[in-house]
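# Report on the structure
These are the residues of each chain, in order.
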Amino acid sequence: MPTDTLHIKNMVCRRCVMTVEDICRDLGITDAKVSLGSVSFNTIPDAELMSTFYDRLRAVGFEPLKSHEHIMLENIKAAIRFYARHNSDEMKYKLSEFISDSIKVDFRYASRMFSSIEGRTIQSYLMSQRIEYVKELLFDNELTLAEIADRVGFSSVAHLSRTFKKSLGVTISEFRNTGTRMGIDEL
């Protein structure tokens, strides 16, 4: 049974888990269980080894989280990322209900805490995630704009186009010709 769990910011995919597993292996930490956003230790490494572990995590773009608020913030962000990509017709949750159900905390509290730490609203973060998802779908070049708008939760192509232009300062056509994507941790 794990005795201690370290939460880690910016772990957003399976490759991130594999990277942290590699760091643990390199440092001889063999009894750690790595999952998305956390590492659970059966035996807590000594302070010097943990310091090296933290340094190695930071060197590859991860950040160990210590406070309850920062852990909750990462849980809220993970819920928003999921919501931005999976809010289809069969799952027409309100964002506030989805966050409350996902992280088991009152949405008003979560919203105030998110804004105070991040310096922006949950809705603003959701929009950045949706726009990044639109960019990904545009790069894939498999869907029409109408299909992209529907999949990402915009009411119409016009709504998608206005929001895209307002968010990035370029039209969808201009982006298709010159655009780049950002990593999730950079949003």
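Anything mentioned here points back to the structure above.
Only a predicted model underlies this, so the values are computations on that prediction, with no experimental measurement involved. All chains use their own residue numbering, which begins from 1 and follows the written sequence. Local features are withheld for residues below a pLDDT of 70 in this predicted model, meaning they are given only at 70 or higher, and side-chain atom pairs are given and counted only at 80 or more; totals for whole chains, interfaces and linings count all residues. Side-chain numbers here rest on the full set of heavy atoms in the structure, without hydrogens or water.

### Examining the overall build of the protein
Secondary structure elements follow DSSP: runs of H or I no shorter than four residues count as helices, runs of E no shorter than two count as strands, and numbering proceeds from the N terminus. The helix and strand tally for the protein stands at 9 helices and 4 strands. For the protein, the sequential pattern of α-helices and β-strands runs β-α-β-β-α-β-α-α-α-α-α-α-α. Here the term buried applies to any residue with accessible area under 20% of the maximum for its type, exposed to any over 50%, and partly exposed to those in between, with areas from a 1.4 Å probe on protein chains only. The buried share of the protein, reckoned over its 187 residues, is 38%. Contacts spanning at least 24 positions in sequence make up 60% of the contacts within the protein whose residues lie at least 6 apart. Note on contacts: a residue pair is in contact if any heavy atoms of the two residues lie within 4.5 Å.

### A short note on the sheet that holds strand 4 (residues 63–65)
Think of it this way: DSSP has to see at least two bridges between two strands before they count as a pair. Spatial ordering of the open sheet is given by 2-3-1-4, a layout of 4 strands whose pairing is antiparallel. One side of each edge strand has no neighbouring strand; the edge strands of this open sheet are strand 2 (32–35) and strand 4. Neighbour-to-neighbour, the strand axes of this sheet turn through a mean angle of 25°, independent of strand direction. As paired elements, strand 1 (residues 4–9) and strand 3 (residues 38–41) share 4 bridges and run antiparallel to each other. Its bridge partner lying in strand 3, Asp4 is registered against Phe41. With respect to the sheet, helix 1 (residues 14–27) is in contact with strand 1, strand 2 and strand 3, its orientation differing from that of strand 2 by roughly 160°. Axis definition: a line fitted to C-alpha atoms, over the contacting stretch in the case of helices. Angles run 0 to 180 degrees between N-to-C directions. Its contacts with the sheet place helix 2 (residues 47–59) against strand 1, strand 3 and strand 4, and it is angled at close to 25° to strand 1.

### Describing the packing of aromatic side chains
In this analysis, rings of Phe, Tyr and Trp, with Trp reduced to its six-membered ring, are considered paired at centre separations within 6.5 Å, and the interplanar angle assigns stacked below 30 degrees, edge-to-face beyond 60, and tilted for intermediate values. Counted under the stated rule, the structure contains 6 aromatic pairs. Here Phe41 and Phe53 contribute two aromatic rings whose centre-to-centre distance is 6.0 Å and whose plane-to-plane angle is 80°, an arrangement assigned as edge-to-face. Residue Phe41 is located in strand 3, and its partner Phe53 is located in helix 2; the two are separated by 12 residues in the primary sequence. There is no split in this pair, since Phe41 and Phe53 are both buried.

### Notes on helix 5 (residues 107–118)
One less than the number of residues in a helix, times 1.5 Å, gives the span that helix is expected to have. The first and last C-alpha atoms of helix 5 sit 16 Å apart over 12 residues, in line with the 16 Å expected at 1.5 Å per residue. If you check which residues of helix 5 are buried, you get Ala110, Met113 and Phe114. Buried residues along helix 5 cover an arc of 100° about the axis, so they all sit on one side. Exposed and oriented more than 90 degrees from the buried face of helix 5 are Arg108, Arg112 and Ser116. Of the surrounding elements, those touching the buried residues of helix 5 are helix 3 (68–86), helix 4 (95–103) and helix 6 (122–140). Where helix 5 starts, the residue carrying a side-chain oxygen 3.2 Å from the main-chain nitrogen of Arg108 turns out to be Asp106. The first or second residue beyond helix 5 is Gly119, which carries a positive phi of 75°. Picture the helix axis, draw a direction to every C-beta atom, and the arc is the one those directions span. We define a polar contact as two N or O atoms separated by no more than 3.5 Å, with the added condition that, inside protein, one atom must be a possible hydrogen donor and the other a possible acceptor, whereas residues neighbouring each other in sequence contribute only through side-chain atom pairs.

### Some remarks on the pairing of strand 2
Note that strand 2 and strand 3 share 4 bridges and pair antiparallel. Residue pairing in the sheet places Lys33 in a bridge with Ser40 of strand 3. Hairpin geometry of strand 2 and strand 3 is characterised by an intervening segment of 2 residues between the two adjacent antiparallel strands and by a positive phi of about 90° at Gly37.

### Quick notes on the packing of helix 3 against helix 4
At a minimum axis distance of 10 Å, the contact between helix 3 and helix 4 shows a crossing angle of 130°. With respect to each other, helix 3 and helix 4 are oriented oblique. In the packing of helix 3 onto helix 4, the handedness of the crossing is right-handed. Note on element contacts: helix 4 touches helix 3 through Leu95, Phe98, Ile99, Ser102 and Ile103, opposite Met72, Asn75, Ile76, Ala79, Ile80, Phe82 and Tyr83. Charged residues are taken to be Asp, Glu, Lys and Arg, nonpolar residues to be Ala, Val, Leu, Ile, Met, Phe, Trp, Tyr, Cys and Pro, and polar residues to be all remaining types, Gly included. Of the residues in the contact of helix 3 with helix 4, the class split is 10 nonpolar, 2 polar and no charged. Roughly parallel means an angle under 35 degrees; roughly antiparallel, over 145; roughly perpendicular, 65 to 115; everything else is oblique. Each crossing gets its hand from how the near helix is turned against the far one by less than a right angle, where anticlockwise is left-handed and clockwise is right-handed.

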